[in-house]
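# Observations on chain architecture
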Amino acid sequence: MKKSIDIRLSIILSAVIALSVCLCGCTNNEKGFTIPVSPDDKSVFEMCTTMYNEVKLNEIYNAAIEAETAEALDKKFPVQCLRKSDDGYQVMYASTNEMLILNYDKDAKFVEGSKKADLRRLVTSKAVFDELKVGDSVHLVQAIDHHSYIPFMAGVEGAELSSDHFSEDGYHTHIEYDSDHKITSIETTVM
């Protein structure tokens with residue numbers, strides 16, 4: 001009799017432990033995403049164990065449009081880097097010289113932008129921006145980052161007076177400008 005109680009108690013205890021492990025592991029994930037938000041102190045290159053070539057990044061972009069949700073895209077191309085943004089989330093995929101940054105709303109629905117805004121060429125190092133200072137022209141930024149996509153310079157109506165640049169050493173440089181297209185601030189963070 002005592003042996004059957006011990007077995008039942010062991011089974012119940014095992015079930016409770018398994019359930020709590022499952023529930024605790026799932027609480028870190030954001031709604032609609034299969035992984036938790038990536039730690040801020042790790043770069044996208046540390047998080048993304050799968051590196052894609054440029055052709056594959058284009059394929060992922062097209063799949064994101066078709067899939068519409070992060071969960072659907074994750075089934076085709078596993079999400080390895082998820083960042084929280086001001087108004088939603090960003091899913092990132094990397095190659096050796098490009099970065100694909102897909103934007104999702106708070107419900108994990110794809111926010112379609114333009115391929116130019118989402119697929120970015122990488123500069124070699126954040127150090128290339130060290131010579132920039134407040135007051136410099138946007139044209140100096142373009143001279144440093146030849147492949148930069150600066151929406152207000154590309155004629156995008158209502159575009160913010162800012163630009164974003166990404167480097168192979170894992171940094172994101174955000175630059176803001178005034179109405180004369182002069183730099184007002186430069187901020188660098190881990191990508």
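The following paragraphs examine the structure supplied in this document.

Quick notes on the rules
Numbers given for residues are sequential positions, taken from 1 along each chain in its written order. Where totals are concerned, whole chains, interfaces and linings use all residues; where local detail is concerned, this predicted model gives features only for residues with pLDDT of at least 70, and gives and counts side-chain atom pairs only at 80 or more. Where side-chain values are given, they derive from all heavy atoms of the structure, hydrogens and water being excluded. Helix and strand definitions follow DSSP, with helices as H or I runs of at least four residues and strands as E runs of at least two, each counted in order from the N terminus. The buried label applies to any residue whose accessible area, calculated with a 1.4 Å probe on protein chains only, is under 20% of its type's maximum; exposed applies above 50%, and partly exposed to all values in between. Contacts are residue-level and defined by heavy atoms, with any inter-residue pair within 4.5 Å sufficient. In short, Shrake-Rupley with a 1.4 Å probe defines the accessible areas, and a residue's cover is counted only from the protein chains shown. Should DSSP find at least two bridges between two strands, the strands are taken to pair. Axis geometry follows a simple rule: fit a line to the C-alpha atoms, using only the stretch in contact for helices, then measure angles between N-to-C directions, giving values from 0 to 180 degrees. In the analysis that follows, any N or O atom pair within 3.5 Å is treated as a polar contact, provided that within protein one partner can donate a hydrogen and the other can accept it, and provided that, for residues neighboring in sequence, both atoms belong to side chains. We call a set of buried residues a nonpolar core when its members are Ala, Val, Leu, Ile, Met, Phe, Trp, Tyr or Cys and they connect through side-chain atoms within 4.5 Å of each other. Between 30 and 60 degrees the pair is tilted, below 30 it is stacked and above 60 it is edge-to-face, where a pair is any two Phe, Tyr or Trp rings, Trp via its six-membered ring, whose centres lie within 6.5 Å.

### Things to note about the overall build of the chain
- Regarding its fold elements, the chain presents 6 helices and 7 strands.
- Reading the chain from its N end, one meets helices and strands in the order α-α-α-α-β-β-β-α-β-α-β-β-β.
- When burial is assessed residue by residue, the chain has 36% of its 191 residues classed as buried.
- The long-range fraction of contacts in the chain, counting pairs at least 24 apart against all pairs at least 6 apart in sequence, stands at 52%.
- With an accessible surface of roughly 11,200 Å², the chain has 54% of that area assigned to carbon and sulfur atoms.

### Topic: the sheet that holds strand S4 (residues 119–123)
- On the basis of which strands lie adjacent, the open sheet formed by 7 strands has the order S1-S2-S3-S4-S5-S6-S7 and mixed pairing. Looking along the sheet, the strands with just one partner apiece sit at the ends: strand S1 (82–85) and strand S7 (183–190). On average, each strand axis in the sheet is tilted by 30° relative to the strand beside it, whichever way the strands run.
- With 2 bridges joining them, S4 and strand S5 (residues 162–167) adopt parallel strand pairing. When the sheet's bridge partners are listed, Leu-122 is paired in S5 with Phe-166.
- Across the sheet, helix H3 (residues 54–67) lies against strand S2 (88–94), strand S3 (98–104) and S4, angled at about 10° from S3, the strand it touches most.

### Quick notes on the side chain of His-174
- Mapped onto the elements, His-174 comes out in strand S6 (residues 171–177).
- Within polar-contact distance, the side chain of His-174 engages the side chain of Glu-176 at 3.2 Å.
- In this view, His-174 contacts Ser-162, Ser-163, Asp-164, Ser-185, Ile-186 and Glu-187; residues no more than four positions away in its chain are not counted.

### Points about the pairing of S1
- Here 4 bridges tie S1 to S2, and the two strands are oriented antiparallel to one another. Counted as the bridge partner of Arg-83 is Gln-90 from S2.
- Counting the residues between successive antiparallel strands, the hairpin from S1 to S2 contains 2 residues.

### Some words on the nonpolar core
- Counting residues in hydrophobic clusters, the biggest one holds 22 residues, and the most contacted among them are Ile-60, Leu-73, Tyr-93, Leu-102 and Tyr-104.
- Among the secondary structure elements, those contributing two or more residues to this core are H3, helix H4 (70–76), S2 and S3.
- When residues in this core are grouped by element, the largest group, 5 residues, is from H3.
- Among residues more than four places away in sequence, those in contact with Leu-102 are Ile-60, Tyr-61, Ala-64, Leu-73, Tyr-89, Gln-90, Val-91, Tyr-93, Phe-110 and Asp-118.

### With respect to the environment of Pro-36
- Mapping Pro-36 onto the fold places it in the loop between helix H1 (2–26) and helix H2 (44–47).
- Each C-alpha atom of the pair Pro-36 and Arg-83 lies 9.0 Å from the other, and the pair is 47 residues apart in sequence.

### Digging into the packing of aromatic side chains
- One pass over the full model with this rule turns up 4 aromatic pairs.
- Here the aromatic rings of Tyr-52 and Phe-77 are separated by 6.2 Å at their centres, their planes lie at 80°, and the arrangement is edge-to-face. Of this pair, Tyr-52 sits in the loop between H2 and H3 while Phe-77 sits in the loop between H4 and S1, placing them 25 residues apart in sequence. We note that Tyr-52, like Phe-77, is buried.
- Plain terms: the ring middles of Tyr-104 and Phe-110 are 5.5 Å apart, the flat faces sit at 55° to each other, and that makes the pair tilted.
- The class of Tyr-104 is buried, set by a relative accessible area of 2%.
- Ring pairs connect the aromatic residues Tyr-52, Phe-77 and Tyr-93, which therefore count as one cluster.

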